Amino acid sequence: MSSEASSTGVAIVTGAARGIGRAIALRLAKDGYDIGLNDIPAAAQALGTVQNEIASLGRRSHIVLGDVSVPENVTNIVSDTVENLGQLNVMVANAGIIRLSPLIETEVSEWDKLFSVNARGTFLCYKYAALQMIKQGKGGRIIGASSILGRKGNPGTSAYGATKFAIRGLTQAAAQEWGAHGITVNAYCPGVVETEMRMFRPLELNQSLMKNLSDRVVRRKSAECSKKAEMRALWGTTQPPTMLRA
């Protein structure tokens, strides 16, 4: 397995067990990064498969399980990765969940859960990654997962879309706060990607809402994950704009 000396750097990818997160982790490994892999405990087996794939690419990886909505979990994700892989150069705050329903049918508990994982989880990943990068004094790259629904709201997506709008605002503010430390902060806004999370599940979205979204958003096959990962990984290896303009 490759040594730390030959590594491009160390990247953490949350929500890395499947879908876009997995694709980003594998692409960064192909680009020479050692990878801190995170997902919830229920995804441990799938995360182990990703770890094996990274090993086959000649890169090191380290798994840290935990829910990113819990502050202690995120501090552990960062510290444990640094302890085992040596440093932190890139944070991809990719973890997220989705619930789709008309606004008047959305329960407060659903709203709170979405914001807990998507918005607070991203905030915590940004915060603790930045603290580590500032401590190292070498700058870094922080990347968050917004959505096409974080750029324009659609019926049936109010709670989920609100979390993704929040991520864009957080990203823009963080980019300006941490630019002086050589830390760039960007967010990506993917459209519909058919992964294991499967946005369009009948139990989560009734047929009229499904048709409404289908008319507005171009569907993409799961193979698109690798193409989307190209851009996320690119931000980890090149110099993107310091301030996200969106």
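Quick note: structure is the one above.
Keep in mind that what you see is a predicted model, and the values were worked out from it rather than measured. Numbers given for residues are sequential positions, taken from 1 along each chain in its written order. Totals for whole chains, interfaces and linings use every residue, but because this is a predicted model, local features are given only for residues with pLDDT of at least 70 and side-chain atom pairs only at 80 or more, for both listing and counting. As a rule here, side-chain values come from all non-hydrogen atoms in the structure, and water together with hydrogens is ignored.

Asks: Is there a simple way to explain the overall build of the protein in this structure?
Replies: Numbered from the N terminus, helices here are DSSP runs of H or I no shorter than four residues, and strands are runs of E no shorter than two. Across its full length, the protein carries seven helices and eight strands. Any residue under 20% of the maximum accessible area for its type is buried, any over 50% is exposed, and the rest in between are partly exposed; the area is computed with a 1.4 Å probe on protein chains only. When each of the 246 residues of the protein is scored for burial, the buried share is 53%. Here the open area of atoms and residues is found with the Shrake-Rupley method and a 1.4 Å probe, where only the protein chains shown may cover a residue. Of the accessible surface of the protein, which amounts to about 11200 Å², a share of 53% is contributed by carbon and sulfur atoms.

Asks: What exactly am I supposed to notice about helix H4 (residues 108–136) here?
Replies: Owing to its 3.6 residues per turn, the α-helix aligns residues three or four sequence positions apart on the same side. By definition here, a helix of n residues has an expected span of 1.5 Å times n minus one. With 29 residues, H4 extends 40 Å from end C-alpha to end C-alpha; this agrees with the ideal 42 Å at 1.5 Å per step. The largest bend along H4 measures about 35 degrees and falls at Ser116. Bending is quantified residue by residue as the angle between axes fitted to the seven-residue window ending at that residue and the seven-residue window starting at it.

Asks: Teacher, can you tell me more about helix H5 (residues 158–178) here?
Replies: In this model H5 runs 30 Å from its N-terminal to its C-terminal C-alpha over 21 residues, within 8% of the 30 Å that 1.5 Å per residue would give. Residues count as neighbours in contact if any of their non-hydrogen atoms are within 4.5 Å of one another. Next to the buried residues of H5 lie H4, strand E5 (140–145) and strand E6 (183–188).

Asks: So what exactly am I meant to see when it comes to the nonpolar core here?
Replies: In summary, soluble globular proteins display a tendency toward joint burial of nonpolar side chains. Only buried Ala, Val, Leu, Ile, Met, Phe, Trp, Tyr and Cys residues count toward a nonpolar core, and they belong to the same one when joined by side-chain atoms within 4.5 Å. With 32 residues, the main nonpolar core has Met91, Tyr126, Ile142, Trp178 and Val185 as its most contacted residues. Elements represented by at least two residues in this core include exactly helix H3 (71–85), strand E4 (90–93), H4, H5 and E6. The contact partners of Tyr126, leaving out residues within four places of it in the chain, are Ala93, Ile142, Ile143, Gly144, Ile167, Leu170, Thr171, Ala174, Trp178, Val185 and Asn186. Among the nonpolar cores identified, the runner-up in size contains 22 residues, and Val13, Leu26, Ile54 and Tyr188 belong to it.

Asks: Explain the pairing of E5 here, please?
Replies: Sheet faces and side chains relate simply in a regular strand, where the side chains alternate between the two faces. A large share of E5 lies buried, amounting to six of its six residues. For E4 and E5, the ladder comprises four bridges, and the chain directions are parallel. Across the sheet, the residue bridging to Val90 is Arg141, located in E5. Taken together, E4, H4 and E5 constitute a β-α-β crossover, and its handedness is right-handed. Pairs of strands are assigned from DSSP output, requiring at least two bridges between the strands. In the sheet, E5 pairs with E6 via six bridges, with the strands oriented parallel. Residue Ala145 lies in a different strand from E6, and its bridge partner there is Tyr188. Look down the strands so they point away from you; if going from the first strand over the helix to the second traces a clockwise path, that crossover is right-handed. Handedness of the crossover joining E5 and E6 through H5 is recorded here as right-handed.

Asks: Is there a simple way to think about the pattern of salt bridges in this case?
Replies: Note on definitions: salt bridges are taken to be side-chain nitrogens of Lys or Arg within 4 Å of carboxyl oxygens of Asp or Glu. Per the stated rule, a full pass over the model turns up four salt bridges. When the shortest N-O distance is used, the salt bridge between Glu53 and Arg22 registers 2.7 Å. Taken as a pair, Glu53 in helix H2 (residues 44–56) and Arg22 in helix H1 (residues 19–30) lie far apart in primary sequence, 31 residues in all.

Asks: Is there a simple way to explain the side chain of Thr122 in this structure?
Replies: Position of Thr122 relative to the elements: it lies in helix H4. Under the rule applied, a polar contact is a pair of N or O atoms within 3.5 Å (in protein, one hydrogen donor and one hydrogen acceptor; residues adjacent in sequence only if both atoms are side-chain atoms). Polar side-chain contacts of Thr122 include one of 2.6 Å to the backbone oxygen of Asn118. Once residues within four sequence positions are removed from consideration, Thr122 is found in contact with Ala93, Val117, Ile167 and Leu170.

Asks: Help me understand the sheet that holds E4, please; the structure alone is not making it clear to me.
Replies: Sheets are built from strands paired through backbone hydrogen bonds, the pairs being either parallel or antiparallel. Overall, parallel pairing links the six strands, which are arranged E3-E2-E1-E4-E5-E6 in an open sheet. With one partner strand each, in any of the chains shown, strand E3 (61–65) and E6 form the two edges of the open sheet. Mean inter-strand twist for the sheet, computed between neighbouring axes without regard to direction, equals 15 degrees. In the sheet, strand E2 (residues 33–39) pairs with E3 via five bridges, with the strands oriented parallel. Considered in E3, the bridge of Asn38 is made with Val64. Helix axes are fitted to C-alpha atoms over the stretch in contact, other axes to C-alpha atoms as well, and angles between N-to-C directions run from 0 to 180 degrees. On the sheet, H3 packs against strand E1 (9–13), E2, E3 and E4 and is oriented at approximately 155 degrees with respect to E3.

No statement about biological role is implied by the geometric values presented.
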